[in-house]
Amino acid sequence: MSESVDSEEGATTNVHMEPEPARAASERIERLLDEVRGLAGPVAWPRVEELVHALVELYGRGLERLLALLLPASPEGARDPELSARLAGDELVASLLTLHGLHPLPLEARLTRALAEAAAELGPVEILTLEGARARVRLVPGQRRPPPEVLGPLLERLVLDVAPELESVTIEGLPPPAPDPQLVQIDLNRSRAGGRQ
């Protein structure tokens, strides 16, 4: 993103600014909407929601038209694989396209790619089924991984971020969390009494 900045001499220069990471931007929007919901009250909030939905729908239609111009399908239905890969490889673009159901890669390809990229951190995971809005994945056994209480939520978040059209993720092979260590209670009165004998 470029932004014009006025220098001391009055000349305008272009400064290149990196876009905010997609997840951070999304979380910021959620926070702002929560604040507006609190300020707007029950009468105005439905109109604010309607406005947000209309804006999102407008941007979605614009992105859909842009994709149709950039990636026209051949008579066989194929699209330019190189351009599709470039669009899918940009985190911000890919997240916006996914939000509007326009991602150039099919669900299984997206998920396979994301799991492969996360394998170094989370260990290998294979897709068992993708049925309707449900995914079932399996941890490949015998690998070093984060503890189950960390791994489960991380893996679920990864899958749902890459494929927001899914509603649930079942993870097979996730070991149960380690039990809390048992606390040993010491009766100080009995200890003192025993020491006097």
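Details of the structure are given in the entry above.
Residues numbered from 1 in each chain as written. Predicted model: local features only at pLDDT ≥ 70, side-chain atom pairs only at ≥ 80, totals over all residues. Heavy atoms only, no water.

What about helix H4 (residues 107-122)?
Maximal helix bending in H4 amounts to about 30°, located at Ala-116. By the burial criterion, the buried members of H4 are Leu-107, Arg-110, Leu-111, Ala-114, Leu-115, Ala-118 and Leu-122. Structurally, H4 contributes buried residues whose contacts are with helix H3 (91-99), strand E3 (125-131) and helix H5 (148-162). Immediately downstream of H4, the backbone of Gly-123 shows phi near 85°, a positive value. (Bend = angle between axes of the 7 residues up to and from the residue. Helix = DSSP H or I, 4+ residues; strand = E, 2+ residues; numbered from the N terminus. Buried < 20%, exposed > 50% of the residue type's maximum accessible area, 1.4 Å probe, protein only. Contact = heavy atoms within 4.5 Å.)

Brief notes about the side chain of Thr-98
Within the secondary structure layout, Thr-98 lies in helix H3. Relative accessible area serves as the criterion here: at 11%, Thr-98 is assigned to the buried category. With near-sequence residues (within four places) excluded, Thr-98 lies in contact with His-103, Arg-110, Val-162, Pro-164 and Glu-165.

Description of helix H2 (residues 81-89)
Residues of H2 that are buried include every one of Leu-83, Ser-84, Leu-87 and Ala-88, and no others. Projected down its long axis, H2 shows its buried positions confined to an angular sector of 135°, all on one face. Pointing more than 90 degrees away from the buried face of H2 are the exposed residues Pro-81, Glu-82 and Arg-86. (Arc of directions from axis to C-beta.)

Observations regarding the environment of Pro-104
Within the secondary structure, Pro-104 is located in the loop between H3 and H4. Residues Pro-104 and Ala-94 lie 10 residues apart in sequence; the distance between their C-alpha atoms is 8.4 Å. Contacts of Pro-104, omitting those with residues within four sequence positions, involve Leu-71, Ser-84, Leu-87, Ala-88 and Leu-97.

So, the environment of Leu-155
The topology assignment puts Leu-155 in helix H5. The class for Leu-155 is buried, based on a relative accessible area of 1%. Linking Leu-155 and Val-125, residues 30 residues apart in sequence, is a C-alpha distance of 9.2 Å. Setting aside residues no more than four positions away along its own chain, Leu-155 makes contact with Leu-115, Leu-122, Val-125, Val-137, Leu-139 and Ile-171.

Remarks on the nonpolar core
One finds Leu-155 and Leu-158 to be the most contacted residues of the largest nonpolar core, which totals 19 residues. Contributions of two or more residues to this core are made by H4, strand E4 (134-139), H5 and strand E5 (168-172). Residue contributions to this core peak at six residues, all from H4. Counting six residues, the second-largest nonpolar core is a separate cluster that includes Leu-71, Leu-83, Leu-87 and Leu-102. (Core = buried A, V, L, I, M, F, W, Y, C linked by side-chain atoms within 4.5 Å.)

Remarks on the sheet that holds E5
Spatially, the three strands line up as an open sheet ordered E3-E4-E5, and their pairing is mixed. Edge positions in the sheet fall to E3 and E5, since each of these pairs with one other strand and no more. Strand-to-strand twist of the sheet, defined as the mean angle between neighbouring strand axes without regard to direction, takes the value 20°. In the packing of H5 onto the sheet, the strands contacted are E3, E4 and E5, and the crossing angle to E5 comes to about 135°. (Pairing = 2+ DSSP bridges. Axes fitted to C-alpha atoms, helices over the stretch in contact; angles between N-to-C directions.)

With respect to a nonpolar patch on the surface
A surface patch of nonpolar side chains, amounting to about 320 Å² of accessible area, comprises Val-56, Leu-92, Leu-96 and Leu-99. Top contributing element to the nonpolar patch by residue count: H3, with three residues. On the secondary structure map, Leu-92 appears in helix H3. Of the residues examined, Leu-92 reaches a relative accessible area of 32% and is grouped as partly exposed. (Patch = residues over 30% accessible without salt bridge, like charges linked within 9 Å, V, L, I, M, F, W, Y side chains within 5 Å. Areas by Shrake-Rupley, 256 points an atom, 1.4 Å probe, with all protein chains shown as cover. Salt bridge = Lys/Arg side-chain N within 4 Å of Asp/Glu carboxyl O.)

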